[in-house]
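Architecture at a glance
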Amino acid sequence: MGKQPEKKTASTSDKLFVFGLDEEGKPRGARFPEFNEKVASAAAQMKLATVHPASPAVTEIGMKLPVGRLYASGKAFVPPIRRDLLGKLKAALDMPGDGSKVQQPAPAPSPEKAKAGGVVAAGLPRTWESIAVGQLVLVEDDDPGFGWWPCLVTKREDQVLTLQLRDYPDKGTYVRHIAQVGLVNPGPK
């Protein structure tokens, strides 16, 4: 019987996963053998999220991502992926007790956000009347068939809400009546 090699290999939990929508709204994603600050920096410039360490659920789906590349210039290659794979990754991240550490890109704050001191998700409203600034709601896209998107409330004037996409804050704002937004189930009281 031969001796086991002492070569250290990265386990699947050491992997770095990068994914999201690029500036053109196309899904991209890649996996890297281990955490690398240059990859994380390049992902932030591309406005993509990085996940390290990942939970077993995220790792299982993330292993379906193509292998990414880091060039000597510091640029990362993150290839296009199927939209349904991106959706599965996001759903796995939203599972209770996930344990994954997600690093969202830090976009330049909008002037409105800078004045407000930044908007953070402050919970989930239980009723339409209780929706407040900083809370998360769902909004249907302006184009039919593009689905519902998680948005943060940035302003409320009586029953009219100004909203910003949670995952893509640089993609503009929505203005909706409270009856036009969906509530996320906040769970038991």
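Here's what I pulled together on the structure shown here. (Residues numbered from 1 in each chain as written. Predicted model: local features only at pLDDT ≥ 70, side-chain atom pairs only at ≥ 80, totals over all residues. Heavy atoms only, no water.)

**Structural notes on the overall build of the protein**
As a reminder of what qualifies: Working definition: helices are DSSP H or I runs of at least four residues, strands are E runs of at least two. Numbering for both runs from the N terminus. For each residue, the accessible area found with a 1.4 Å probe, counting protein chains only, is set against the maximum for its type, and the residue is called buried under 20%, exposed over 50%, and partly exposed in between. For this analysis, residues touch if any pair of their heavy atoms sits within 4.5 Å. Each accessible area value is a Shrake-Rupley result obtained with a 1.4 Å probe; residue values ignore everything except the protein chains displayed when judging cover.
A tally of helices and strands in the protein yields four helices and 11 strands. Out of the 189 residues belonging to the protein, those deemed buried represent 35%. For the protein, contacts bridging at least 24 residues in sequence account for 56% of all contacts bridging at least 6. With an accessible surface of roughly 11,700 Å², the protein has 55% of that area assigned to carbon and sulfur atoms.

**What about helix α3 (residues 83-93)?**
In an α-helix, one full turn covers 3.6 residues, which means residues spaced three or four apart are oriented alike. Let me state the cut-off plainly: By arc we mean the arc of the directions from the helix axis to the C-beta atoms, nothing more.
Of all the positions in α3, only L85, L86, L89, A92 and L93 are classed as buried. Here the buried residues of α3 occupy an arc of 125 degrees about the axis, which is enough to place them on one side.

**Regarding the pairing of strand β7 (residues 136-140)**
Every regular strand shows the same layout, with side chains that alternate between the two sheet faces. Convention followed: Pairing between strands is defined by DSSP: at least two bridges between the two strands are required.
Summarising the sheet, β7 and strand β8 (residues 148-157) pair through five bridges and their orientation is antiparallel. Among the inter-strand pairings, L136 is bridged to a residue of β8, identified as L152.

**What to know about the environment of L21**
Take L21: it is sitting in strand β1 (residues 16-21). Since its relative accessible area comes to 10%, L21 is described here as buried. Taking C-alpha positions, L21 is 9.2 Å from P80, a pair spaced 59 residues apart along the chain. Excluding its chain neighbours within four sequence positions, the residues that come into contact with L21 are K26, P27, K47, L48, R83, L86, W149 and Y168.

**Here we look at the environment of R82**
For clarity, the cut-off: What qualifies as a polar contact is a pair of N or O atoms within 3.5 Å, subject to a donor-acceptor requirement within protein and to the restriction that residues adjacent in sequence count only when both atoms come from side chains.
Take R82: it is sitting in the loop between β5 (76-77) and α3. With 53 residues separating them in the primary sequence, R82 and G29 have C-alpha atoms 9.0 Å apart. At 3.0 Å, the side chain of R82 and the side chain of D84 are in polar contact.

**Looking at the packing of aromatic side chains**
Threshold: By convention, a stacked pair of Phe, Tyr or Trp rings (six-membered ring in the case of Trp) has centres within 6.5 Å and planes under 30 degrees apart, an edge-to-face pair has planes over 60 apart, and any other such pair is tilted.
Under the definition given, this model contains one aromatic pair. Relative to Y168, the ring of W149 has its centre 6.5 Å away and its plane inclined at 80 degrees; by these criteria the two rings are edge-to-face. Of this pair, W149 sits in strand β8 while Y168 sits in the loop between β9 (160-165) and β10 (173-177); the two residues are 19 residues apart in sequence, bridging distant segments of the chain.

**So, unusual backbone geometry**
Even without glycine at this site, K47 takes up a positive phi of about 65 degrees. Inspection of the secondary structure assignment puts K47 in the loop between α1 (37-45) and β3 (49-51). At D158, a residue that is not glycine, the phi angle is positive and equals roughly 55 degrees. Considering the arrangement of structural elements, one finds D158 in the loop between β8 and β9. Look at D158 and you get exposed, because its relative accessible area is 67%.

**Brief notes about the environment of L161**
By the element assignment, L161 lies in strand β9. L161 sits 13 residues away from Y174 along the chain, and the two C-alpha atoms are 8.0 Å apart.

**Regarding the pattern of salt bridges**
What counts is decided by this rule: Salt bridge criterion: a side-chain nitrogen from Lys or Arg within 4 Å of a carboxyl oxygen from Asp or Glu.
Applying the stated criterion across every chain, the model contains six salt bridges. One salt bridge connects K155 with E157, and the closest N-O pair in it is separated by 3.1 Å. In this structure K155 comes out as partly exposed when scored by relative accessible area, which is 37%. The partner of R166 in a salt bridge is D167, with the nearest N and O atoms 2.9 Å apart. Take R166: its relative accessible area is 33%, and that puts it in the partly exposed class. Each of K90, R166 and D167 takes part in salt bridges that share partners, so that together they form one network.

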